Amino acid sequence: MPAGIDRRPSPDELLRRVQAEERRERRGRLKVFLGYASRVGKSFRMLDEGRRRKERGQDVVAAAMQSPLTPELEALLNRLDSIPTLKETHVGKEYEVLDVAAIFRRHPQVCLVDELAYDNPPGSRNPKRWQDVDNILDQGICVITAVNLQHIEEQQDAVERITGKRARQTVPESFLRSADEIVLVDAALDDLRKRGGGLEPVDVRRFAELRELALLLAADVIDDQLMTYLRSNGVECVTPRSDAAAMLRSGRRNVDRFHGDLLVCYVRQSGLSPKDQETMDANLALARDLEAEVHVLDGPDPIAAIMQFAHEQRITQIFVGHSAPDRWKEMWSRSPVDRLIQAAVDIDLRIFPHLLAQ
């Protein structure tokens, strides 16, 4: 049996977790189509998703769309029910505002909202459209929306270095990261040439750089979603020569976000060098500082010990630190990664590379 420290949550913490879980269950799911430039087709993808969901029997409404519509987009929109935006004027400027009250009354299963970064007029319920979307999600309505890279607030500096322009209307990256699903609309440059009537070489270079930036952002968000799949439980495994600090802190952030449990285990080894023992002690001390449940396992086969522990604790995901070849790797036999993949047939496995401690 594993020996370790049991850090049981307090009654207040348990109540907080229950309340957070109840809120997640009531809240609608958010899907975001992310484009790296205009005309990549994100609005089409959003409307087509709505069409397919309606054909599957879901109640879908379109609540806001870009203007003017292309014939292709108009054909898709005509196949869906719509809740028109409200036309408002402030200081001579015209606005199209989501009719949030009408959406609440209709309470569809799915609501399509284009131009997520749109600003509402002064005096509105919310200053930003993405905040309206947040309110809609709180009503248990799923939202499918679309936004371009240049409108992500934290990406403004990078986009400006590429294009020389800065968007006035923005969405915080934290809202993007709160999405249940993000889809990068990765249109080829040849398609953009056809839609835009030709591109200059400088435009091709800029689009390529924007595309790369969007790919990195989407990959980071998706990677974060995979790593935060600790809905109920998670385990992290550290080795004596790996620098586990980044993995442990990442695990702590993920658990805080999804209100799960962070378990850290180490398979005891004999004959460690003083340097390796010092690194391991530091890793385990950090885990305790991060309020993880630390378990020291015994057994001749580290893989078998970890998998037995994972099944006993009903672990849903394993993060394992993987260091460069050394005595630890030899002890794990030919390929610890292969063995873990083969053994963890009912558990999500995340291999987390580490640099050797210097």
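Scroll up for the structure.
Parameters at a glance
- Residues numbered from 1 in each chain as written.
- Predicted model: local features only at pLDDT ≥ 70, side-chain atom pairs only at ≥ 80, totals over all residues.
- Heavy atoms only, no water.
- Buried < 20%, exposed > 50% of the residue type's maximum accessible area, 1.4 Å probe, protein only.
- Helix = DSSP H or I, 4+ residues; strand = E, 2+ residues; numbered from the N terminus.
- Arc of directions from axis to C-beta.
- Pairing = 2+ DSSP bridges.
- Contact = heavy atoms within 4.5 Å.
- Axes fitted to C-alpha atoms, helices over the stretch in contact; angles between N-to-C directions.
- Core = buried A, V, L, I, M, F, W, Y, C linked by side-chain atoms within 4.5 Å.
- Right-handed = clockwise from strand over helix to strand, strands pointing away.
- Salt bridge = Lys/Arg side-chain N within 4 Å of Asp/Glu carboxyl O.

Overview of helix 6 (residues 156–163)
Next up, step 1: Turning to helix 6, its buried residues are Gln156, Ala158, Val159 and Ile162. Viewed along the axis of helix 6, the buried residues span an arc of 165°, placing them on a single side of the element.
Next up, step 2: Following helix 6 by one or two positions, Gly164 has its phi on the positive side, about 75°.

Let's talk about the sheet that holds strand 8 (residues 142–148)
Next up, step 1: Spatially, the six strands line up as an open sheet ordered 4-3-7-8-2-9, and their pairing is parallel. Looking at which strands have only one partner, the edges of the open sheet turn out to be strand 4 (81–82) and strand 9 (181–185).
Next up, step 2: Across four bridges, the pairing between strand 3 (residues 60–64) and strand 7 (residues 110–113) is parallel. Looking at the pairing, Val60 lines up with Val110 of strand 7.
Next up, step 3: Relative to the sheet, helix 2 (residues 42–55) contacts strand 2 (30–35), strand 3, strand 4, strand 7, strand 8 and strand 9, its axis offset from that of strand 8 by approximately 165°.

Description of the nonpolar core
Next up, step 1: By size, the foremost hydrophobic cluster in this structure holds 60 residues, and its most contacted members are Leu30, Tyr36, Leu47, Leu112, Val113, Val133 and Phe175.
Next up, step 2: Of the residues forming this core, the biggest block, seven residues, is contributed by helix 9 (residues 201–227).
Next up, step 3: Discounting chain neighbours no more than four positions away, the residues touching Leu47 are Met65, Leu73, Leu76, Leu77, Leu80 and Leu112.
Next up, step 4: Counting 17 residues, the second largest nonpolar core, distinct from the first, contains Leu262, Val264, Leu272 and Val294.

Let's talk about the pairing of strand 11 (residues 261–267)
Next up, step 1: Taken across its seven residues, strand 11 has six buried, putting it largely inside the fold.
Next up, step 2: For strand 11 and strand 12 (residues 293–297), the ladder comprises five bridges, and the chain directions are parallel. Bridge assignment links Leu263 to a residue of strand 12, and that residue is Glu293.
Next up, step 3: Crossover handedness for the path strand 11 to helix 11 (residues 274–289) to strand 12: right-handed.

Topic: unusual backbone geometry
In terms of backbone geometry, most residues other than glycine have negative phi values and most peptide bonds are trans.
Next up, step 1: For the bond from Ser67 to Pro68, the omega torsion is -5°, close enough to zero to count as cis.
Next up, step 2: Although it is not a glycine, Glu115 adopts a positive phi angle of roughly 50°.
Next up, step 3: Relative to the assigned elements, Glu115 resides in the loop between strand 7 and helix 5 (129–138).
Next up, step 4: Taking relative accessible area as the criterion, Glu115 reaches 34% and is therefore assigned partly exposed.

Some thoughts on the pairing of strand 5 (residues 86–90)
Next up, step 1: Bridge analysis of strand 5 against strand 6 (residues 93–97) gives five bridges, and the strand direction is antiparallel. When the bridges of strand 6 are listed, Thr89 appears paired with Glu94.
Next up, step 2: Between the end of strand 5 and the start of strand 6, which pair antiparallel, lie two residues, with Val91 showing a positive phi angle near 50°.

Brief notes about helix 12 (residues 302–312)
Next up, step 1: Of the positions making up helix 12, those classed as buried are Pro302, Ile303, Ala305, Ile306, Met307, Phe309 and Ala310.
Next up, step 2: One or two positions beyond helix 12, positive phi appears at Arg314, with a value near 55°.

Let's talk about the pattern of salt bridges
Next up, step 1: Counted by the stated rule, this structure contains 20 salt bridges.
Next up, step 2: The salt bridge partner of Asp134 is Arg27, with a shortest N-O separation of 2.5 Å. Of this pair, Asp134 sits in helix 5 while Arg27 sits in the loop between helix 1 (11–26) and strand 2; the two residues are 107 residues apart in sequence, bridging distant segments of the chain.
Next up, step 3: With relative accessibility at 23%, the residue Asp134 sits in the partly exposed group.
Next up, step 4: The partner of Arg168 in a salt bridge is Asp119, with the nearest N and O atoms 3.2 Å apart. Of this pair, Arg168 sits in the loop between helix 6 and helix 7 (173–177) while Asp119 sits in the loop between strand 7 and helix 5, and the two are 49 residues apart along the sequence.
Next up, step 5: Classification of Arg168 by relative accessible area gives exposed; the value is 56%.
Next up, step 6: Each of Lys31, Asp48, Glu49, Arg51, Arg52, Arg53, Glu55, Arg79 and Glu181 takes part in salt bridges that share partners, so that together they form one network.

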